[in-house]
Amino acid sequence: MVSTSSKPLNIDLSRIRSDIQALQPQLVAWRRKLHQRPELGFQEHLTAEFVAEKLQEWGIEHQTGIAKTGIVATIRGQRSEVRQKEKETVLAIRADMDALPIQEENDVPYRSQHDGVMHACGHDGHTAIALGTAYYLSQHLDTFSGTVKIIFQPAEEGPGGAKPMIEAGVLKNPDVDAIVGLHLWNNLPLGTVGVRSGALMAAVEKFHCTILGKGGHGAMPHQTIDSVVVAAQIVNALQTIVARNVDPIESAVVTVGELHAGTALNVIADTARMSGTVRYFNPKLEGYFAQRIEQVIAGICQSHGAKYELNYSHLYPPVINDPGMAEFVRSQAVRVVETPLGIVPECQTMGGEDMSFFLQQVPGCYFFLGAANLSKNLAYPHHHPRFDFDETALGMGVEIFVRCVENFS
Ligand code: NI
(Lines give C-alpha, C1' and ligand atoms only; values in the text may rest on other atoms or scores of the structure.)
Protein backbone atom coordinates (compact mmCIF):
# COMPACT_ATOMS: atom_id res chain seq x y z
CA MET A 1 0.00 0.00 0.00
CA VAL A 2 2.78 2.40 0.84
CA SER A 3 5.63 3.10 -1.50
CA THR A 4 8.71 4.17 0.37
CA SER A 5 10.78 4.45 -2.77
CA SER A 6 12.63 7.72 -2.95
CA LYS A 7 11.72 8.11 -6.63
CA PRO A 8 8.39 9.69 -7.45
CA LEU A 9 6.52 8.52 -10.52
CA ASN A 10 7.03 10.82 -13.51
CA ILE A 11 7.05 13.89 -11.36
CA ASP A 12 9.02 16.96 -12.19
CA LEU A 13 10.62 17.84 -8.83
CA SER A 14 11.14 21.51 -9.55
CA ARG A 15 7.52 21.85 -10.63
CA ILE A 16 6.17 21.04 -7.14
CA ARG A 17 8.54 23.48 -5.44
CA SER A 18 7.95 26.38 -7.82
CA ASP A 19 4.16 25.95 -7.89
CA ILE A 20 4.05 25.92 -4.10
CA GLN A 21 6.34 28.91 -3.83
CA ALA A 22 3.93 30.78 -6.08
CA LEU A 23 1.18 29.88 -3.63
CA GLN A 24 3.12 31.22 -0.60
CA PRO A 25 1.57 34.76 -0.56
CA GLN A 26 -1.89 33.17 -0.55
CA LEU A 27 -0.93 30.80 2.28
CA VAL A 28 0.26 33.76 4.35
CA ALA A 29 -2.88 35.78 3.56
CA TRP A 30 -5.19 32.89 4.54
CA ARG A 31 -3.26 32.20 7.72
CA ARG A 32 -3.36 35.87 8.74
CA LYS A 33 -7.06 36.16 8.02
CA LEU A 34 -7.68 33.09 10.20
CA HIS A 35 -5.33 34.47 12.85
CA GLN A 36 -7.41 37.66 13.08
CA ARG A 37 -10.60 35.69 13.69
CA PRO A 38 -9.71 32.92 16.14
CA GLU A 39 -12.52 30.76 17.50
CA LEU A 40 -12.70 28.27 20.36
CA GLY A 41 -13.48 24.56 19.98
CA PHE A 42 -16.82 23.72 18.29
CA GLN A 43 -17.37 27.45 17.69
CA GLU A 44 -15.24 27.63 14.52
CA HIS A 45 -18.12 29.07 12.47
CA LEU A 46 -16.25 31.88 10.67
CA THR A 47 -13.29 29.55 10.14
CA ALA A 48 -15.47 26.78 8.68
CA GLU A 49 -17.28 29.30 6.52
CA PHE A 50 -13.95 30.55 5.17
CA VAL A 51 -12.72 27.01 4.44
CA ALA A 52 -16.02 26.04 2.75
CA GLU A 53 -16.02 29.22 0.68
CA LYS A 54 -12.55 28.44 -0.67
CA LEU A 55 -13.36 24.80 -1.40
CA GLN A 56 -16.52 25.93 -3.20
CA GLU A 57 -14.56 28.49 -5.21
CA TRP A 58 -12.11 25.79 -6.32
CA GLY A 59 -14.87 23.32 -7.15
CA ILE A 60 -13.78 20.81 -4.51
CA GLU A 61 -16.41 18.36 -3.24
CA HIS A 62 -16.88 18.83 0.51
CA GLN A 63 -19.20 18.21 3.39
CA THR A 64 -19.73 20.74 6.18
CA GLY A 65 -21.22 20.58 9.68
CA ILE A 66 -19.52 17.32 10.67
CA ALA A 67 -19.22 17.20 14.49
CA LYS A 68 -20.70 20.73 14.48
CA THR A 69 -18.04 22.74 12.64
CA GLY A 70 -15.86 20.10 10.93
CA ILE A 71 -15.43 19.83 7.17
CA VAL A 72 -14.21 17.03 4.91
CA ALA A 73 -13.01 17.75 1.38
CA THR A 74 -12.66 14.89 -1.11
CA ILE A 75 -10.34 15.13 -4.10
CA ARG A 76 -9.96 12.34 -6.65
CA GLY A 77 -6.73 12.00 -8.56
CA GLN A 78 -6.66 11.37 -12.29
CA ARG A 79 -3.13 10.07 -12.87
CA SER A 80 -3.42 7.65 -15.73
CA GLU A 81 -0.75 5.06 -14.86
CA VAL A 82 -2.03 1.55 -14.62
CA ARG A 83 -1.58 0.23 -11.08
CA GLN A 84 -1.57 -3.33 -9.86
CA LYS A 85 -3.97 -2.52 -7.03
CA GLU A 86 -7.01 -4.28 -5.71
CA LYS A 87 -8.58 -0.90 -5.15
CA GLU A 88 -7.67 2.74 -5.30
CA THR A 89 -5.99 4.06 -2.18
CA VAL A 90 -7.49 6.70 0.09
CA LEU A 91 -5.15 8.97 2.02
CA ALA A 92 -6.49 11.37 4.66
CA ILE A 93 -4.84 14.61 5.73
CA ARG A 94 -5.95 16.09 9.03
CA ALA A 95 -5.79 19.73 10.15
CA ASP A 96 -7.19 21.22 13.36
CA MET A 97 -8.84 24.66 13.29
CA ASP A 98 -9.48 25.86 16.85
CA ALA A 99 -7.87 28.59 18.95
CA LEU A 100 -7.25 29.13 22.68
CA PRO A 101 -8.74 31.34 25.42
CA ILE A 102 -5.65 33.58 25.54
CA GLN A 103 -5.35 37.35 25.10
CA GLU A 104 -2.83 37.97 22.32
CA GLU A 105 0.12 40.18 23.24
CA ASN A 106 1.72 40.36 19.79
CA ASP A 107 1.67 43.76 18.16
CA VAL A 108 1.31 42.70 14.54
CA PRO A 109 -1.09 43.94 11.83
CA TYR A 110 -2.80 40.54 11.81
CA ARG A 111 -3.26 40.29 15.60
CA SER A 112 -6.43 38.68 16.97
CA GLN A 113 -9.55 40.81 16.69
CA HIS A 114 -11.43 38.54 19.09
CA ASP A 115 -10.90 39.63 22.66
CA GLY A 116 -9.49 36.89 24.87
CA VAL A 117 -9.16 34.36 22.03
CA MET A 118 -5.96 33.67 20.13
CA HIS A 119 -4.43 31.22 17.69
CA ALA A 120 -1.56 30.56 20.10
CA CYS A 121 -0.81 27.03 18.93
CA GLY A 122 -0.56 27.47 15.15
CA HIS A 123 -3.84 25.83 14.15
CA ASP A 124 -4.47 28.83 11.88
CA GLY A 125 -1.34 27.68 10.03
CA HIS A 126 -2.59 24.08 9.95
CA THR A 127 -5.84 25.21 8.34
CA ALA A 128 -3.96 27.35 5.80
CA ILE A 129 -1.62 24.43 4.94
CA ALA A 130 -4.59 22.08 4.45
CA LEU A 131 -6.31 24.67 2.25
CA GLY A 132 -3.12 25.14 0.24
CA THR A 133 -2.82 21.39 -0.20
CA ALA A 134 -6.44 21.15 -1.33
CA TYR A 135 -5.93 23.97 -3.81
CA TYR A 136 -2.69 22.53 -5.20
CA LEU A 137 -4.15 19.05 -5.61
CA SER A 138 -7.30 20.40 -7.29
CA GLN A 139 -5.05 22.12 -9.83
CA HIS A 140 -2.85 19.04 -10.38
CA LEU A 141 -5.28 16.13 -10.52
CA ASP A 142 -3.13 14.36 -13.08
CA THR A 143 -0.21 14.06 -10.64
CA PHE A 144 -1.82 11.55 -8.29
CA SER A 145 -4.11 8.57 -8.25
CA GLY A 146 -6.58 7.44 -5.62
CA THR A 147 -8.56 9.70 -3.35
CA VAL A 148 -7.47 12.31 -0.83
CA LYS A 149 -9.72 13.29 2.06
CA ILE A 150 -8.81 16.51 3.81
CA ILE A 151 -10.25 16.62 7.32
CA PHE A 152 -10.69 20.08 8.89
CA GLN A 153 -11.23 19.22 12.53
CA PRO A 154 -12.71 21.34 15.32
CA ALA A 155 -11.83 21.49 19.03
CA GLU A 156 -8.42 19.82 19.27
CA GLU A 157 -7.61 21.91 22.36
CA GLY A 158 -10.66 20.40 24.03
CA PRO A 159 -13.04 18.80 24.41
CA GLY A 160 -11.80 17.02 21.27
CA GLY A 161 -13.21 17.02 17.75
CA ALA A 162 -11.42 13.95 16.36
CA LYS A 163 -13.58 11.38 18.13
CA PRO A 164 -16.95 12.84 17.10
CA MET A 165 -15.68 13.22 13.52
CA ILE A 166 -14.70 9.53 13.45
CA GLU A 167 -18.09 8.62 14.92
CA ALA A 168 -19.68 10.71 12.16
CA GLY A 169 -17.92 8.42 9.66
CA VAL A 170 -15.18 10.62 8.18
CA LEU A 171 -12.85 7.62 7.81
CA LYS A 172 -15.52 5.66 5.87
CA ASN A 173 -17.05 5.74 2.42
CA PRO A 174 -14.57 5.70 0.83
CA ASP A 175 -12.59 3.94 3.55
CA VAL A 176 -9.37 5.69 4.51
CA ASP A 177 -6.22 3.53 4.19
CA ALA A 178 -3.84 5.86 6.03
CA ILE A 179 -3.72 9.31 7.57
CA VAL A 180 -1.10 12.04 7.93
CA GLY A 181 -1.11 15.25 9.92
CA LEU A 182 1.33 17.86 11.12
CA HIS A 183 1.84 20.35 13.91
CA LEU A 184 3.81 23.54 13.32
CA TRP A 185 6.38 23.32 16.08
CA ASN A 186 8.33 26.09 17.77
CA ASN A 187 10.46 23.58 19.68
CA LEU A 188 12.16 22.91 16.33
CA PRO A 189 13.83 25.47 14.07
CA LEU A 190 12.45 26.31 10.64
CA GLY A 191 13.89 23.91 8.09
CA THR A 192 13.57 20.80 10.25
CA VAL A 193 10.87 18.15 10.55
CA GLY A 194 10.28 15.95 13.60
CA VAL A 195 9.25 12.47 12.46
CA ARG A 196 9.45 9.27 14.42
CA SER A 197 8.02 5.80 14.49
CA GLY A 198 5.97 4.80 17.54
CA ALA A 199 5.02 7.17 20.34
CA LEU A 200 5.27 10.85 19.45
CA MET A 201 2.96 12.45 22.01
CA ALA A 202 1.59 11.33 25.36
CA ALA A 203 -1.74 10.09 26.63
CA VAL A 204 -3.60 12.78 28.57
CA GLU A 205 -5.64 12.01 31.69
CA LYS A 206 -6.91 14.33 34.42
CA PHE A 207 -8.24 14.13 37.93
CA HIS A 208 -10.06 16.29 40.46
CA CYS A 209 -10.02 15.29 44.12
CA THR A 210 -11.72 16.77 47.17
CA ILE A 211 -10.37 15.82 50.61
CA LEU A 212 -13.13 15.90 53.20
CA GLY A 213 -11.73 16.48 56.68
CA LYS A 214 -13.17 18.26 59.70
CA GLY A 215 -12.53 21.95 60.28
CA GLY A 216 -11.83 23.74 63.52
CA HIS A 217 -9.65 26.16 65.47
CA GLY A 218 -6.06 26.47 64.33
CA ALA A 219 -4.91 26.15 67.93
CA MET A 220 -6.88 22.94 68.57
CA PRO A 221 -5.86 20.50 65.85
CA HIS A 222 -6.71 17.47 68.00
CA GLN A 223 -10.41 18.30 67.52
CA THR A 224 -10.14 18.33 63.72
CA ILE A 225 -9.12 16.33 60.65
CA ASP A 226 -6.80 18.73 58.88
CA SER A 227 -7.48 18.53 55.13
CA VAL A 228 -4.35 20.62 54.39
CA VAL A 229 -2.04 18.12 56.10
CA VAL A 230 -3.78 15.22 54.33
CA ALA A 231 -3.57 16.99 50.94
CA ALA A 232 0.11 17.80 51.42
CA GLN A 233 0.90 14.13 52.07
CA ILE A 234 -1.12 13.11 49.01
CA VAL A 235 0.73 15.56 46.75
CA ASN A 236 4.07 14.15 47.89
CA ALA A 237 2.98 10.53 47.71
CA LEU A 238 1.58 10.90 44.18
CA GLN A 239 5.10 11.71 42.99
CA THR A 240 6.25 8.27 44.08
CA ILE A 241 3.99 6.62 41.48
CA VAL A 242 6.30 7.71 38.65
CA ALA A 243 9.45 7.49 40.78
CA ARG A 244 8.80 4.08 42.43
CA ASN A 245 6.02 2.21 40.59
CA VAL A 246 6.41 2.86 36.86
CA ASP A 247 9.26 1.06 35.08
CA PRO A 248 12.03 3.69 34.86
CA ILE A 249 12.46 2.82 31.18
CA GLU A 250 8.97 4.24 30.58
CA SER A 251 8.26 7.97 30.56
CA ALA A 252 5.39 9.27 32.65
CA VAL A 253 4.32 12.42 34.50
CA VAL A 254 1.94 13.05 37.39
CA THR A 255 1.46 16.77 37.99
CA VAL A 256 -0.76 18.29 40.65
CA GLY A 257 -1.39 21.71 39.13
CA GLU A 258 -4.02 22.99 41.54
CA LEU A 259 -4.38 22.86 45.31
CA HIS A 260 -6.93 25.00 47.11
CA ALA A 261 -7.80 25.00 50.80
CA GLY A 262 -8.50 27.26 53.71
CA THR A 263 -9.86 30.72 54.40
CA ALA A 264 -7.80 32.04 57.32
CA LEU A 265 -4.40 31.42 58.89
CA ASN A 266 -5.84 30.31 62.21
CA VAL A 267 -8.61 28.09 60.88
CA ILE A 268 -8.13 24.42 60.02
CA ALA A 269 -9.76 23.82 56.64
CA ASP A 270 -12.36 21.10 56.47
CA THR A 271 -11.88 20.52 52.73
CA ALA A 272 -9.02 20.73 50.27
CA ARG A 273 -9.33 20.45 46.51
CA MET A 274 -6.63 19.39 44.11
CA SER A 275 -6.48 18.62 40.44
CA GLY A 276 -3.81 17.34 38.15
CA THR A 277 -2.79 15.76 34.89
CA VAL A 278 -1.19 12.43 34.01
CA ARG A 279 0.91 11.75 30.88
CA TYR A 280 2.51 8.60 29.50
CA PHE A 281 3.48 7.04 26.17
CA ASN A 282 2.87 3.32 26.61
CA PRO A 283 -0.77 2.42 25.84
CA LYS A 284 -0.41 -0.54 28.23
CA LEU A 285 -0.39 1.97 31.11
CA GLU A 286 -3.97 2.97 30.37
CA GLY A 287 -5.97 2.43 33.54
CA TYR A 288 -2.90 2.04 35.72
CA PHE A 289 -2.68 5.62 37.00
CA ALA A 290 -6.40 5.89 37.67
CA GLN A 291 -6.16 2.87 39.94
CA ARG A 292 -2.86 3.73 41.63
CA ILE A 293 -3.77 7.38 42.28
CA GLU A 294 -6.98 6.29 43.97
CA GLN A 295 -5.07 3.76 46.12
CA VAL A 296 -2.68 6.47 47.31
CA ILE A 297 -5.46 8.94 48.07
CA ALA A 298 -7.61 6.32 49.80
CA GLY A 299 -4.72 5.05 51.91
CA ILE A 300 -3.65 8.45 53.15
CA CYS A 301 -7.21 9.59 53.80
CA GLN A 302 -7.95 6.42 55.73
CA SER A 303 -4.90 6.85 57.95
CA HIS A 304 -6.16 10.30 58.94
CA GLY A 305 -9.86 9.53 59.16
CA ALA A 306 -10.60 11.77 56.19
CA LYS A 307 -12.86 10.99 53.24
CA TYR A 308 -12.41 11.87 49.58
CA GLU A 309 -14.21 12.29 46.30
CA LEU A 310 -12.22 11.50 43.18
CA ASN A 311 -13.15 12.23 39.61
CA TYR A 312 -10.73 10.71 37.09
CA SER A 313 -10.98 10.91 33.29
CA HIS A 314 -9.06 9.67 30.27
CA LEU A 315 -8.93 12.43 27.67
CA TYR A 316 -6.64 11.49 24.75
CA PRO A 317 -4.70 8.26 24.13
CA PRO A 318 -1.01 8.53 23.16
CA VAL A 319 -0.16 9.54 19.57
CA ILE A 320 1.41 6.40 18.10
CA ASN A 321 2.83 6.51 14.59
CA ASP A 322 2.78 3.43 12.36
CA PRO A 323 6.39 2.45 11.50
CA GLY A 324 5.69 2.10 7.76
CA MET A 325 3.87 5.42 7.54
CA ALA A 326 6.53 7.18 9.65
CA GLU A 327 9.21 5.95 7.25
CA PHE A 328 7.07 7.02 4.29
CA VAL A 329 6.59 10.56 5.67
CA ARG A 330 10.29 10.75 6.55
CA SER A 331 11.21 9.78 2.97
CA GLN A 332 9.01 12.62 1.60
CA ALA A 333 9.98 15.23 4.22
CA VAL A 334 13.69 14.70 3.67
CA ARG A 335 13.25 15.89 0.09
CA VAL A 336 11.66 19.10 1.35
CA VAL A 337 14.31 19.89 3.98
CA GLU A 338 16.92 18.57 1.54
CA THR A 339 19.19 16.99 4.14
CA PRO A 340 18.84 13.97 6.42
CA LEU A 341 20.10 16.27 9.21
CA GLY A 342 16.85 18.19 8.89
CA ILE A 343 14.90 15.18 10.15
CA VAL A 344 14.69 15.08 13.95
CA PRO A 345 13.51 11.75 15.36
CA GLU A 346 14.18 12.89 18.98
CA CYS A 347 11.08 15.05 18.96
CA GLN A 348 8.83 13.32 21.49
CA THR A 349 6.80 15.46 23.84
CA MET A 350 4.55 14.77 26.82
CA GLY A 351 2.01 17.12 25.26
CA GLY A 352 -1.15 15.45 23.97
CA GLU A 353 -3.16 15.56 20.76
CA ASP A 354 -6.45 14.02 19.69
CA MET A 355 -4.88 13.00 16.37
CA SER A 356 -4.35 9.85 18.46
CA PHE A 357 -7.97 8.79 17.88
CA PHE A 358 -7.45 8.78 14.09
CA LEU A 359 -4.21 6.82 14.53
CA GLN A 360 -6.08 4.19 16.55
CA GLN A 361 -8.37 3.62 13.56
CA VAL A 362 -5.95 3.63 10.62
CA PRO A 363 -2.16 3.52 10.26
CA GLY A 364 -0.70 6.96 9.99
CA CYS A 365 1.95 9.46 10.91
CA TYR A 366 1.71 12.71 12.81
CA PHE A 367 4.80 14.90 12.60
CA PHE A 368 6.22 18.22 13.74
CA LEU A 369 7.13 20.92 11.25
CA GLY A 370 9.88 23.20 12.61
CA ALA A 371 8.57 26.77 12.67
CA ALA A 372 10.76 28.73 15.09
CA ASN A 373 13.08 31.46 13.87
CA LEU A 374 15.13 33.17 16.57
CA SER A 375 16.52 35.77 14.17
CA LYS A 376 12.95 37.03 13.61
CA ASN A 377 12.07 36.67 17.32
CA LEU A 378 9.61 33.93 16.42
CA ALA A 379 10.36 31.36 19.07
CA TYR A 380 7.83 31.83 21.87
CA PRO A 381 6.42 28.53 23.11
CA HIS A 382 3.02 27.24 22.06
CA HIS A 383 0.10 28.59 24.14
CA HIS A 384 2.12 31.75 25.02
CA PRO A 385 0.37 35.13 24.47
CA ARG A 386 3.27 36.11 22.17
CA PHE A 387 3.34 32.86 20.20
CA ASP A 388 3.93 33.29 16.48
CA PHE A 389 5.84 31.26 13.89
CA ASP A 390 7.85 31.68 10.70
CA GLU A 391 5.31 31.55 7.88
CA THR A 392 7.92 30.10 5.51
CA ALA A 393 6.92 26.80 7.14
CA LEU A 394 3.46 27.03 5.52
CA GLY A 395 4.80 26.25 2.05
CA MET A 396 6.98 23.48 3.45
CA GLY A 397 3.92 21.89 5.04
CA VAL A 398 2.03 21.96 1.74
CA GLU A 399 5.02 20.49 -0.08
CA ILE A 400 5.33 17.58 2.37
CA PHE A 401 1.61 16.80 2.11
CA VAL A 402 1.66 17.07 -1.70
CA ARG A 403 4.65 14.75 -1.96
CA CYS A 404 2.91 12.30 0.38
CA VAL A 405 -0.19 12.35 -1.84
CA GLU A 406 1.76 11.95 -5.08
CA ASN A 407 3.78 9.02 -3.74
CA PHE A 408 1.14 7.24 -1.69
CA SER A 409 -0.42 4.42 -3.71
NI1 NI B 1 -1.85 22.51 18.94
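Please read these numbers as outputs of a predicted model, since none were measured by experiment.

### A word on the overall build of the chain
Then step 1. Scanning the chain from terminus to terminus reveals 9 helices and 15 strands.
Then step 2. Computed over its C-alpha atoms, the radius of gyration of the chain comes to 24 Å, within 12% of the 22 Å expected for a compact globule of 409 residues.
Then step 3. Overall, the chain is about 85 × 45 × 40 Å in size when its C-alpha atoms are taken along their principal axes.
Then step 4. Buried positions account for 54% of the 409 residues belonging to the chain.

### Section: the coordination of the nickel ion
Then step 1. Surrounding the nickel ion are the protein donor atoms Cys121 (SG), His123 (NE2) and His183 (NE2), which sit 2.2 to 2.3 Å from the metal.
Then step 2. In this structure His123 comes out as buried when scored by relative accessible area, which is 1%.

### Side note on the sheet that holds strand β12 (residues 271-280)
Then step 1. The strand order across the open sheet formed by 4 strands is β10-β12-β8-β13, and the pairing between neighbours is antiparallel. The outermost strands of the open sheet, each flanked by one partner alone, are β10 (252-261) and β13 (307-316). Each strand of the sheet is rotated relative to its neighbour by a mean of 15°, with strand direction disregarded.
Then step 2. Pairing of strand β8 (residues 203-212) with β12, which is carried by 10 bridges, proceeds in the antiparallel orientation.

### Details of the sheet that holds strand β6 (residues 193-194)
One key point about sheets: their strands pair by backbone hydrogen bonds, in either a parallel or an antiparallel sense.
Then step 1. As summarised here, the arrangement of the 7 strands in space is β1-β2-β4-β3-β5-β15-β6, forming an open sheet in which the pairing is mixed. Of all strands in the sheet, those bounded by a partner on one side alone are β1 (61-66) and β6.
Then step 2. As paired strands, strand β3 (residues 90-96) and strand β4 (residues 147-153) are joined by 7 bridges and run parallel to one another. Considered in β4, the bridge of Ala92 is made with Lys149.
Then step 3. Helix α7 (residues 323-337) rests against β3, β5 (178-189), β6 and β15 (364-372) of the sheet, and its axis sits at about 30° to β15.

### Some points on the packing of aromatic side chains
Then step 1. Taken as a whole, this structure holds 11 aromatic pairs when the rule is applied.
Then step 2. When the ring of Trp185 is compared with that of Phe368, the centres are 4.0 Å apart and the planes differ by 10°; the resulting orientation is stacked. Here Trp185 is found in strand β5, whereas its partner Phe368 is found in strand β15, with 183 residues between them in sequence. Side by side, Trp185 and Phe368 carry an identical accessibility label, which is buried.

### Here we look at the domain arrangement of the chain
Then step 1. Assigned domains within the chain: domain 1 (13-200 + 318-407) and domain 2 (203-316).
Then step 2. Counting residues at the interface gives 19 residues for domain 1, matched by 11 residues for domain 2.
Then step 3. Summed over both partners, the interface of domain 1 with domain 2 buries about 970 Å², with 72% contributed by carbon and sulfur atoms.
Then step 4. On the domain 1 side of the contact with domain 2, Pro318, Met350 and Phe357 bury the most area, a combined 58% of that side's loss.

### With respect to the nonpolar core
Then step 1. Of all hydrophobic cores here, the largest spans 68 residues; its most connected members are Leu55, Ile150, Phe152, Val193 and Leu369.
Then step 2. When residues in this core are grouped by element, the largest group, 9 residues, is from helix α9 (residues 392-407).
Then step 3. With sequence-adjacent residues up to four places away left out, Phe152 is seen in contact with Val51, Leu55, Gly70, Ile71, Ala73, Ala95, Met97, Thr127, Ala130, Leu131 and Met165.
Then step 4. Grouped together as the second largest cluster of nonpolar side chains are 29 residues, Ile179, Val344, Phe357 and Tyr366 included.

### Brief notes about the packing of helix α3 (residues 123-139) against α9
Then step 1. The N-to-C vectors of α3 and α9 enclose an angle of 45°; their axes lie 9 Å apart at closest approach. When the interaxial angle is binned, α3 and α9 end up oblique. As for the relative orientation of α3 and α9, their crossing is right-handed in sense. Touching Gly125, Ile129, Gly132, Thr133, Tyr136 and Leu137 of α3 are Ala393, Leu394, Gly397, Val398, Phe401, Val402, Val405 and Glu406, all from α9.
Then step 2. Class assignment of the residues belonging to the contact of α3 with α9 gives a composition of 9 nonpolar, 4 polar and 1 charged.

### Considerations on α3
Then step 1. In this model α3 runs 24 Å from its N-terminal to its C-terminal C-alpha over 17 residues, within 8% of the 24 Å that 1.5 Å per residue would give.
Then step 2. Most of α3 sits out of view: 15 of its 17 residues are buried.

### Considerations on unusual backbone geometry
Then step 1. Cis geometry is adopted by the peptide bond preceding Pro159, which originates at Gly158 and carries an omega value of 0°.
Then step 2. Cis geometry is found at the peptide bond from Asn173 to Pro174, where omega equals 0°.
Then step 3. For Pro174, the location among the structural elements is in the loop between α4 (162-167) and β5.
Then step 4. Look at Lys68: it is not a glycine, yet its phi comes out positive at around 75°.
Then step 5. Examined against the element boundaries, Lys68 turns out to sit in the loop between β1 and β2 (70-76).

### A word on the pattern of salt bridges
Then step 1. If you walk through the whole model with that rule in mind, you get 15 salt bridges.
Then step 2. For Arg32, the salt bridge goes to Glu391, with nearest N and O atoms at 2.7 Å. With Arg32 in helix α1 (residues 13-36) and Glu391 in the loop between β15 and α9, this pair connects stretches of sequence that are 359 residues apart.
Then step 3. Judged by its relative accessible area of 30%, Arg32 falls in the partly exposed class.
Then step 4. The salt bridge partner of Arg330 is Glu327, with a shortest N-O separation of 3.0 Å. Of this pair, Arg330 and Glu327 both sit in helix α7, 3 residues apart, which is roughly one turn of the helix.

### Concerning the pairing of β3
Then step 1. Burial within β3 is extensive, with 7 of its 7 residues counted as buried.
Then step 2. Burial along β3 is two-sided: the residues Val90, Ala92, Arg94 and Asp96 and Leu91, Ile93 and Ala95 are all buried.
Then step 3. Taking the sense of rotation as the criterion, the β-α-β connection linking β3, α3 and β4 turns out right-handed.
Then step 4. The sheet contact formed by β3 and β5 spans 4 bridges and is parallel.

Conventions and cut-offs
Residues numbered from 1 in each chain as written. Predicted model: local features only at pLDDT ≥ 70, side-chain atom pairs only at ≥ 80, totals over all residues. Heavy atoms only, no water. Helix = DSSP H or I, 4+ residues; strand = E, 2+ residues; numbered from the N terminus. Rg over C-alpha atoms; globule rule 2.2 N^0.38 Å. Buried < 20%, exposed > 50% of the residue type's maximum accessible area, 1.4 Å probe, protein only. Donors = N, O, S within 2.8 Å, 3.2 Å for Na, K, Ca; no water. Pairing = 2+ DSSP bridges. Axes fitted to C-alpha atoms, helices over the stretch in contact; angles between N-to-C directions. Contact = heavy atoms within 4.5 Å. Phe/Tyr/Trp six-rings, centres within 6.5 Å; stacked < 30°, edge-to-face > 60°. Domains from an automatic or database assignment. Buried area = accessible area lost by both parts, 1.4 Å probe. Core = buried A, V, L, I, M, F, W, Y, C linked by side-chain atoms within 4.5 Å. Parallel < 35°, antiparallel > 145°, perpendicular 65-115°, else oblique. Left-handed = near helix turned anticlockwise from the far one by under 90°. Nonpolar A, V, L, I, M, F, W, Y, C, P; charged D, E, K, R; others polar. Expected span 1.5 Å × (residues − 1). Salt bridge = Lys/Arg side-chain N within 4 Å of Asp/Glu carboxyl O. Right-handed = clockwise from strand over helix to strand, strands pointing away.

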